[in-house]
Amino acid sequence: MDIIFGRNKKEQLEPLRARVTGRIPAWLQGTLLRNGPGMHTVGETRYNHWFDGLALLHSFTIGDGEVYYRSKYLRSDTYNANIEANRIVVSEFGTMAYPDPCKNIFSKAFSYLSHTIPDFTDNCLINIMKCGEDFYATTETNYIRKINPQTLETLEKVDYRKHVAVNLATSHPHYDDAGNVLNIGTSIVDKGKTKYVIFKIPATVSEGGKKGLSPLKHMEVFCSIASRALLSPSYYHSFGVTESYIVFLEQPFRMDILKMATAYIRGVSWASCLAFHREDKTYIHIIDQRTRKPVLTKFYTDPMVVFHHVNAYEEDGCLLFDIIAYEDSSLYQLFYLANLNKDFEENSRLTSVPALKRFAVPLRMDKNAEAGSNLIKLSSTTARALKEKEDQVYCQPELLYEGLELPRINYAHNGKRYRYVFAAEVQWSPIPTKGISMLSNRPFPCFSPSDAQIIKYDILTKSSLKWGEAHCWPAEPVFVPTPGAEDEDHGIILSAIVSTDPQKLPFLLVLDAKTFTELARASVDVEMHLDLHGLFIPGADWDAGKQAHSREERDRAAERRVAPRT
Ligand SMILES: CC1=C(/C=C/C(C)=C/C=C/C(C)=C/C=O)C(C)(C)CCC1
Ligand SMILES: [Fe+2]
């Protein structure tokens, strides 16, 4: 497991031609650009958590049936400071770091305290966001980093706070048909009011006919939602949209602001300031995009932890939304490197498995409905919404499928009716209970991973198709539609596969999205990292992608030309 999770990966700066077996469809031209943690130790120091690792961007440039691979570390301020000091000097999610051991730690801590919330990391390791014509590496802090999608070079650092009052923002924005970005962030103790802020970044800006203006400078607040608890806003990783609404889950997995403000002085990580409150509810906020206000009915459900929304849409006066839900926060526990690097089977136990669940929320309240009655009359789901009071509804989901994560859809169906979920599936087999869970303090059913595959789940027929191979770890499957496609699943699936078998090279897998049969694979002789998220840039200048060298490479080549041979 160390091969996959714990080991630092080398960059592949020069585009490397992959060995293609099978046939890549001729129409498939573009670049699959992805992000994830690639470096877990710096000098003698090591990160505690897999989500701390330094961002390693990688790309597969595809065209004329060929594939070229390259990878490059994001040259974030965090990366540069760490490399220069040859140790970890910037704090990440699961690792608190101290910039300068020679200086008085306390004076530093006091200056942090006076700001309440310290300056966060710009190690943008989670996803890639498209903003107008530009691409950004993203994480969940207030920083994003512009990148060159062809050369993977790191460009400007953008601070969201300069444009909207957010200290944190998700790495999973939504896009409308015009390419405008919709995202949500948390504004911590801004004028004493902790709130969730939904903001928009326009795809294009033109002022007096001037082009090339930065869309980020034209961000606007779309609406905000007050946090239930001023000092403990919810943690969230994504949200949902339909054509007319936004779905935001205020889950009882919360950040303790006071703990965060003193974390540095106490020598504990940000992760330790997050806690799951199983005695609490999950509040379902539905924001009407037309009025820019939350609907007044209070919808809630049982406590849960959600990272990924799959999709949401409206049907017959109801809003349906699908998520991957956990019963507790054991996922974060699992990704501590100490757990991942030891006996994986033994240690990677979850006290709850990721489950695809469908919720249904009534958009119009039946005033005459009796208390206790189910307001959902759809034949397509068994999800229920029980009226409790005039303005209070308890939602009970329909369980669709257990054991999948990293969901993707055909994005043309985002916010609209859809049928297919593409995801990574990890089958967690139950193992005999050995004791009491440290997380929940109760006897726990334990699960250990037994099999990893890519899955296409059909919500309509409740059936699935799968792709899997021995020793292979699939990444998030990305759907790319065939040009002119009419069917939702008319296209291909791309996934970067790494293997635990040292004899087997990593490869880009190309599947037919309809049948889930393998069309081709492009193997590369590199140590590839297991990534998190990314996107496909269609029709990107294939020749340029194949040849484009970064500024550094060009400089090195020039140096080689002038340097006398010794
Ligand atoms: C640094 C930092 C954070 C980073 C969180 C990260 C990096 C989360 C990654 C989550 C993933 C990858 C989930 C996958 O499902 C917080 C807690 C937002 C706030 C404090 C500073
Ligand atoms: Fe994610």
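Small disclaimer: the values here were computed from a predicted structure and weren't measured.

(A) Fine view of the overall build of the chain. A tally of regular secondary structure across the chain gives nine helices and 40 strands. Among the 566 residues that make up the chain, the fraction classed as buried is 57%. Long-range pairs, those at least 24 residues apart, make up 64% of the contacts in the chain with a sequence separation of at least 6. For the chain, the exposed area adds up to about 24300 Å²; of that, 51% sits on carbon and sulfur atoms.

(B) Geometry of the UniProt feature "binding site: Fe cation" (unreviewed entry) in the chain. UniProt annotation of "binding site: Fe cation" (unreviewed entry) refers to His172, His237, His308 and His533 when read in the numbering used here. Spatial clustering of the annotated residues is evident: they stretch over 362 residues in sequence, but the largest pairwise C-alpha distance comes to 12.5 Å. Structurally, the position occupied by His172 is in the loop between β13 (168–169) and β14 (174–175). With residues up to four places along the chain from it excluded, the contact list for His172 reads Asn127, Asn183, His237, Ser238, Phe239, His308 and His533.

(C) Local environment of the site of ligand 1. Of all residues adjacent to ligand 1, which total 17 residues, the nearest are Phe51, His237, Trp270, His308 and Tyr332. Alone, ligand 1 offers 540 Å² of accessible surface; in the complex the protein occludes 97% of this. For the shell around ligand 1, the class distribution of residues is 11 nonpolar, five polar and one charged.

(D) Geometry of the nonpolar core. Counting residues in each nonpolar core, the largest one holds 109 residues, and the members touching the most others are Phe5, Trp50, Ile284, Phe321, Leu356 and Leu494. At eight residues, the largest contribution of residues to this core is made by strand β26 (residues 318–326). If we skip the residues at most four places from it in the chain, Leu356 touches Val310, Asp322, Ile323, Ile324, Glu398, Leu399, Leu400, Tyr401, Leu404, Val421 and Tyr457. Residues Cys131, Tyr136, Val166 and Leu216 belong to the second largest nonpolar core, which totals 15 residues.

(E) Examining the side chain of Thr242 more closely. Considering the arrangement of structural elements, one finds Thr242 in the loop between β18 (240–241) and β19 (245–250). In this structure Thr242 comes out as buried when scored by relative accessible area, which is 5%. At 2.5 Å, the side chain of Thr242 forms a polar contact with the side chain of Glu314. For Thr242, the residues in contact, after removing those within four places along its chain, are Gln289, Ala312, Tyr313, Glu314, Leu319 and Gly415.

(F) Looking closely at the coordination of the iron ion (ligand 2). The iron ion (ligand 2) binds to the protein through His172 (NE2), His237 (NE2), His308 (NE2) and His533 (NE2); the donor distances cover 2.0 to 2.1 Å. Between the four donor atoms coordinating the iron ion (ligand 2), the angles at the centre fall across 92 to 151°, so the site counts as irregular.

(G) Representation of the sheet that holds β26 in the model. Spatial strand order, β25-β26-β27-β30: four strands in an open sheet with antiparallel pairing. Edge positions in the open sheet fall to β25 (305–315) and β30 (398–402), since each of these has one partner strand only. Across the sheet, the mean angle separating the axes of adjacent strands is 20° when strand polarity is ignored. Direction of pairing for β25 relative to β26: antiparallel, over a ladder of eight bridges. By the bridge assignment for β26, Val305 is matched with Tyr326.

(H) A look at unusual backbone geometry. Even without being a glycine, Leu152 presents a positive backbone phi close to 65°. Counting through the fold element by element, Leu152 comes out in the loop between β11 (143–147) and β12 (154–159). For Leu152, a relative accessible area of 0% translates into the label buried. With a phi angle near 65°, His471 is a residue other than glycine that sits in the positive phi range. On the secondary structure map, His471 appears in the loop between β34 (463–467) and β35 (472–473).

(I) Examining the state of the cysteines more closely. For the structure on display, the rule yields zero disulfides. In this structure Cys223 is a free cysteine whose sulfur lies 19 Å from that of Cys395, the closest cysteine sulfur available.

(J) Spotlight on the packing of aromatic side chains. For the coordinates displayed, the defined rule picks out 28 aromatic pairs. Judged by centre distance (5.7 Å) and plane angle (25°), the rings of Tyr73 and Tyr79 are stacked. Residues Tyr73 and Tyr79 agree in their burial class; the two are buried. Clustering of aromatic rings is evident, with ring pairs tying together Trp50, Phe51, Phe93, Tyr235, Phe253, Phe307, Tyr326, Tyr332 and Phe335. Of note, Arg228 hangs over the ring of Tyr283, and the distance from its end group to the ring centre comes to 3.5 Å. Here Lys281 stacks its cationic end above the ring of Tyr300, 4.7 Å away from the centre of that ring.

How each quantity is defined
Residues numbered from 1 in each chain as written. Chains lettered and ligands numbered in written order. Predicted model: local features only at pLDDT ≥ 70, side-chain atom pairs only at ≥ 80, totals over all residues. Heavy atoms only, no water. Helix = DSSP H or I, 4+ residues; strand = E, 2+ residues; numbered from the N terminus. Buried < 20%, exposed > 50% of the residue type's maximum accessible area, 1.4 Å probe, protein only. Contact = heavy atoms within 4.5 Å. Areas by Shrake-Rupley, 256 points an atom, 1.4 Å probe, with all protein chains shown as cover. UniProt positions renumbered as here; feature names shortened; annotations may be inferred. Near = heavy atom within 4 Å. Nonpolar A, V, L, I, M, F, W, Y, C, P; charged D, E, K, R; others polar. Core = buried A, V, L, I, M, F, W, Y, C linked by side-chain atoms within 4.5 Å. Polar contact = N/O pair within 3.5 Å; in protein donor to acceptor, adjacent residues only side chain to side chain. Donors = N, O, S within 2.8 Å, 3.2 Å for Na, K, Ca; no water. Tetrahedral: all angles 85-135°; square planar, octahedral: opposite > 155°, others 65-115°. Pairing = 2+ DSSP bridges. Axes fitted to C-alpha atoms, helices over the stretch in contact; angles between N-to-C directions. Disulfide = S-S within 2.5 Å. Phe/Tyr/Trp six-rings, centres within 6.5 Å; stacked < 30°, edge-to-face > 60°. Lys NZ or Arg CZ within 6 Å of the ring centre and 35° of its normal.

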